[in-house]
Structures are given as structure tokens and as C-alpha cells.
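Fold and contact review
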Amino acid sequence: MYMFHVLWHVINFFWYVFMYSPANLSLFRSPENLYSPSGFMDYWIAGFLVLTAGVLLLSWLWFRLTNSKTRNEDKQEESEKKKGMIPKGSLGWPVIGETLTFIACGYSSRPVSFMDKRKSLYGKVFKTNIIGTPIIISTDAEVNKVVLQNHGNTFVPAYPKSITELLGENSILSINGAHQKRLHTLISAFLRSPHLKERITRDIEASVALTLASWSQLPLVHVQDEIKKMTFEILVKLLMSISPGDDLDILKLEFQEFIKGLICIPIKFPGTRLYKSLKGLTFELTMQAKERLIKIVKKVVEERQEATTESTNCPANDAVDVLLRDVNDGGCSDKQSHPLDFVSGKIVEMMIPGEETMPTAMTLAVKFLSDNPVALAKLVEENMEMKRRKLESGKEYDWSDYMSLSFTQNVINETLRMANIINGVWRKALKDRINGTTNSNICFTPFGGGQRLCPGLELSKLEISIFLHQLVTRFSWTAEKDEIVSFPTVKMKRRLPIRVTPVERTSPISVEDH
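Keep in mind that this is a model prediction, so the values were computed, not measured.

A count of helices and strands for the protein gives 17 helices and 9 strands. Out of the 514 residues belonging to the protein, those deemed buried represent 41%.

Summarising the sheet, strand β1 (residues 125-130) and strand β2 (residues 133-138) pair through 6 bridges and their orientation is antiparallel. Each bridged residue has a counterpart across the sheet, and for Ile130 the counterpart in β2 is Thr133. Hairpin geometry of β1 and β2 is characterised by an intervening segment of 2 residues between the two adjacent antiparallel strands and by a positive phi of about 55° at Ile131.

Applying the stated rule across the entire model yields 24 salt bridges. Salt-bridge contacts for Asp321 lead to Arg304; the nearest nitrogen and oxygen are separated by 3.1 Å. Here Arg304 lies in helix α11 (residues 273-310) and Asp321 lies in helix α12 (residues 319-328), a separation of 17 residues in the sequence. In this structure, Lys390 engages Asp401 in a salt bridge whose closest nitrogen and oxygen atoms are separated by 2.7 Å. Of this pair, Lys390 sits in helix α14 (residues 373-393) while Asp401 sits in helix α15 (residues 399-403); the two residues are 11 residues apart in sequence, bridging distant segments of the chain. Side by side, Lys390 and Asp401 carry an identical accessibility label, which is buried. Residues participating in the shared-partner salt-bridge network are Arg199, Asp203 and Lys237.

What follows is about the nonpolar core. In terms of nonpolar packing, the biggest core is built from 92 residues, with Trp215, Met240, Leu251, Ile347, Phe467 and Trp477 touching the most fellow members. Take this core: its biggest share by element is 16 residues, from helix α13 (residues 339-371). Membership of the second largest hydrophobic core comes to 8 residues, among which are Phe102, Cys105, Phe126 and Ile135.

Strand order in the open sheet formed by 3 strands is β4-β9-β6, with antiparallel pairing between adjacent strands. If you trace the sheet from one side to the other, it starts and ends with β4 (221-222) and β6 (475-479), each paired once. Pairing analysis gives 5 bridges linking β6 to strand β9 (residues 497-502), with the strands arranged antiparallel. Bridged to Ala479 within β9 is Ile498.

To continue, consider the environment of Asn176. Position of Asn176 relative to the elements: it lies in the loop between α6 (161-167) and α7 (178-191). Separated by 276 residues in the primary sequence, Asn176 and Arg452 have C-alpha atoms spaced 9.7 Å apart.

A few words now on the confidence of the model for the protein. Here the protein averages 79 in pLDDT, while 73% of its residues score no lower than 70. No element of the protein has a lower mean pLDDT than helix α1 (residues 2-19), which averages 39, and none a higher one than β4, which averages 98. A low-confidence stretch, residues 1-50 (pLDDT under 50), is modelled with 35 contacts involving residues beyond four sequence positions or located in other chains.

With that settled, consider the side chain of Glu382. Tracing the chain through its elements places Glu382 in helix α14. Notably, Glu382 is buried but unbridged: the nearest opposite-charge side chain belongs to Lys378, and the N-O separation is 7.8 Å. In contact with Glu382, other than residues within four places in its own chain, are Leu405, Ser406, Phe407 and Thr408.

Turning next to α12. The α-helix winds at 3.6 residues per turn, so residues separated by three or four positions along the chain end up facing the same way. Across the 10 residues that make up α12, a large majority, 9, are buried. Regarding α12, the residues found buried are Ala319, Val320, Asp321, Val322, Leu323, Leu324, Arg325, Asp326 and Val327. If you check the start of α12, you find a side-chain oxygen 3.2 Å away from the backbone N of Val320, and it comes from Asp318. Within two residues after α12, Gly330 carries a phi angle of roughly 85°, on the positive side.

Scanning the model with the defined rule gives 7 aromatic pairs in all. With a centroid separation of 5.6 Å and an interplanar angle of 35°, the aromatic rings of Phe232 and Phe255 are classed as tilted. Of the two residues, Phe232 sits in helix α9 (residues 223-240) while Phe255 sits in helix α10 (residues 246-262), which places them 23 residues apart along the sequence. Here Phe232 and Phe255 have matching classes, each one buried. In this structure an aromatic cluster arises from ring pairing among Phe102, Tyr107, Phe114 and Phe487. If you follow Lys197 out to its NZ or CZ, it ends over the ring of Trp399, 4.8 Å from the centre. A cation over a ring is seen here: Lys252 above Phe232, with NZ or CZ 4.4 Å from the ring centre.

What follows deals with the side chain of Arg118. With respect to the helices and strands, the residue Arg118 is situated in helix α4 (residues 113-122). Using a relative accessible area of 7% as the deciding quantity, one classes Arg118 as buried. Dropping the residues within four chain positions of it, Arg118 is found in contact with Glu98, Thr101, Gly123 and Phe126.

What counts and what doesn't
Residues numbered from 1 in each chain as written. Predicted model: local features only at pLDDT ≥ 70, side-chain atom pairs only at ≥ 80, totals over all residues. Heavy atoms only, no water. Helix = DSSP H or I, 4+ residues; strand = E, 2+ residues; numbered from the N terminus. Buried < 20%, exposed > 50% of the residue type's maximum accessible area, 1.4 Å probe, protein only. Pairing = 2+ DSSP bridges. Salt bridge = Lys/Arg side-chain N within 4 Å of Asp/Glu carboxyl O. Core = buried A, V, L, I, M, F, W, Y, C linked by side-chain atoms within 4.5 Å. pLDDT = per-residue confidence, 0-100. Contact = heavy atoms within 4.5 Å. Lys, Arg positive; Asp, Glu negative; His and termini not counted. Polar contact = N/O pair within 3.5 Å; in protein donor to acceptor, adjacent residues only side chain to side chain. Phe/Tyr/Trp six-rings, centres within 6.5 Å; stacked < 30°, edge-to-face > 60°. Lys NZ or Arg CZ within 6 Å of the ring centre and 35° of its normal.

Right under this line is the structure:
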């Protein structure tokens, strides 16, 4: 900023000399050389010399700035090498680091180019500075497994400050140790329970059927938007047993406002009024949306608290039941002063992953299948075969039926691999070094790992499987051209517009049908 400040003054000074020759200023006037041509020539020469001096000064400042930056990096690298732990890499420019390059790659057709370039220069593990934070990035599968499998004694969650400020220190993303492990166990057990599996399968089937039926009535369907509506309804019913209606619509509006602020990243130039005002306004509006959201959820929690005290022998119907029963049993003793606030906050936090990941995965599955008619034909064949078996037997689908569709599961896994919906997992190292090595063939972990493995892993795959099954066995579609954008979150540039046609399939489709 100092260099550009000097440049501005140099330009202004030269412009002043050019536009206002001293011959026109009383300070330099004299009777003998008033408006003298030779005087004008002198000042032109003086102006030229000033410009030349300015250029030389700027060159010197540029050299000092870049040379100082290089020396500082060299000193830092030398210090780091003595510690024997920091990998190679570049921290980029002061303050902004390599953030602009990172964002530009996210908007390009090859978002992985940021990682690929640095991998070729520095290796699979390298240092950089993005979003105002010096970090180490690992693209090595074995290193990532060590980090993910760690039980909190070496690596702990450490998300950007903007996220931790909005969610709080005790959010699910930030907590660690016994408290996190207990919550994870409770939710995982609930999502794997036979009682839930049977009920949630029927709920997802009904929601998907209604959504797809509405698509056939629309001239153009924006898949990304429509799927978000559907997945939000399923998620809220799972968490709080709220069905479609006015309450769900209000909840959705407030949640959307909250999410906007959560993923908003003002460009950080510390000390500037613009940054402070943007940060303050965004933070205030997001916190207001969060407070309104928690107020809505808390009302549901309070009503459920009264019902829970009357009947605790029945299986839990949703996540509110699970958390309330744990609080009432003293499972979260450190939160007993405000147990209902604690439960309400956790419900809101559990809404966040489902808002982006599930609809994005479904949308991109449609995108990739549209681009690959061979894979689509094989998917239709597998799902039509199961549909015929069910029609012949007269039995309903169950959870295991959908999960047994091997090619469908391959489509889901390949979608998650290609889309890379979760751009990264943030961790802070508590120790200087990882001791020991690991040999693993695990190179694909879309649902995380270790004690923070996504508890909704199987449920997510079930939801996508049901959606794909009903889509390919009841409809055909044509997709318009669209592109994937990877920043700040993965999404379709045009929200993936398609035209849907209902079909009665009695045999597998040919490759040319879509």
C-alpha cells in the first residue's frame, strides 16, 4: 500500500508541473521571463526529471519490498528447518497470502489446479496462506488418515475464526474429547436404529415421489434448487419431526439467512473501515438470523420436553428426543444450567451439513449421469431389475434393498469423488510431529474418519439411492449445459436446468435414450 501511495503522489506532482507551469504561478513570475518559451522548456525538463526520479524511486521500492519478502521467507524457512517440521511452500503476499489465486481456481473449470501446482513444486504436503491464515495442506492419503483417525490428543478441530465466532466455542465443529464422543455416539446409534431405518425409508420415498411428480409439471427444472427444498424437508423431519407447512417455511427462510452469513467471507484488509463495516454488518445480521432460528427450534424443544417427561419408554422419534433424554439423564452435566438452549443449539448445528452436502451430491449425480449415457443405461438396468422383483413379490422396499444396489453405490461414490464436495477438513496440531508411519490403501474418505466420521453416512447414501432409483425408473430428462463452481462451496453455475418427461419403463434403456 505504501508503494502505491508514493506512486500516486509522484503522478500528482508531475501532473501539477505539466498543467500549471510555474510561469503561470505568481510565486515564480518575473517581468522578464513571463510566458517565456525557454521557461516552459525548462519546466518540461524539470517535469521529465521528476518523472524519471519517480520511476527510479518506485523501482527501488518494488525491489526492497520483494527482496524484503524473500528475505523474510528465507529466515522463516531457515527457522522452520531447524525445527524440522514445516514443509516447503509459499505464504504468498503479506496479509492476503495466496487467497486470490485460491479463489480464482475455485471459479475456474479446474479448481484442483491450485493444489496440483503446489504439489508439483513442493510435494503432497505444503504450506500456504489462504483466507488470512497460514496453514499446511495435505493431499497425501496416508497423512490424512493419520490426522482423521487421531483421537484428539494430537489434532483438534480448528476452523476459520469467522465460523467459530458465529457457531460458538461449544459447537459440534469445535468441541473435542469426551463431550464430542458422547454426542457422536448418541446420534450415530439413533441413525442406525432399526426403528428409524424403517420409518425414514418410507419418509424419504414419499418426499422424493412428491418432488419428482412436481417436476413433470414444470417446463424447466432447476435441479439444485428443487433438491434443496426436498432434502431440507427430510432433514428437519429427522431432527424435529416438523412436516411441510408454514412452520417449515419460516424455519427455512431463517436458516437460509444464517447460512448466507456463515459462508460469506469479506476480503480482509485489517484496519480498513470497509473490512470492519462489512465484518460487523455480516456478523450482526447472521447472529440475528441464528437467534431467530434458535427461538423457533427452542419452541419445539420446550413442547417436546413436556411430552418426554411423560413417556420415555418409546423409541426416540427424532434428534430432539435423543438429546433431551440424554440431558434429562444427566449426560451433559456441564450444560445443565441451560439444557434447552444446549439442545436447540445442537439441532441448528446439525442442520448445517445437510443444507449443502446432500443436495449438492444429488445434483451432481444428475449432472454426471447426463454427461455419461453409458453409466446411466447401466444404472437404469440395475434399478429396473430391482423394481420388477419388488412388483412380483408385492413387498415394500427396505433400507437393505437400496444399499444392495452395487452399481448405484458406485455411482454415488464416484460422484462424491469427482465433485469433492467437502473442500477440506480443518485441524490444528497440538504436537510438533507425527510419530510413526501408516500403510493404507484408503485414498477416498468423503465422510471423514475416526471419531468424527459422519454419523449420517449410511442415511446419506440411502437418501441418494432412493432419489436415483425413482428418477431413473420413472423419468427421462435432458440437461442444459452447465458448469461446476467450487468456491465458496461446490455448486452448479446455472443451478442445473433440465427438462423432465415421465416414462413407463418395461425394459432397460439404450445409450441413446437420454
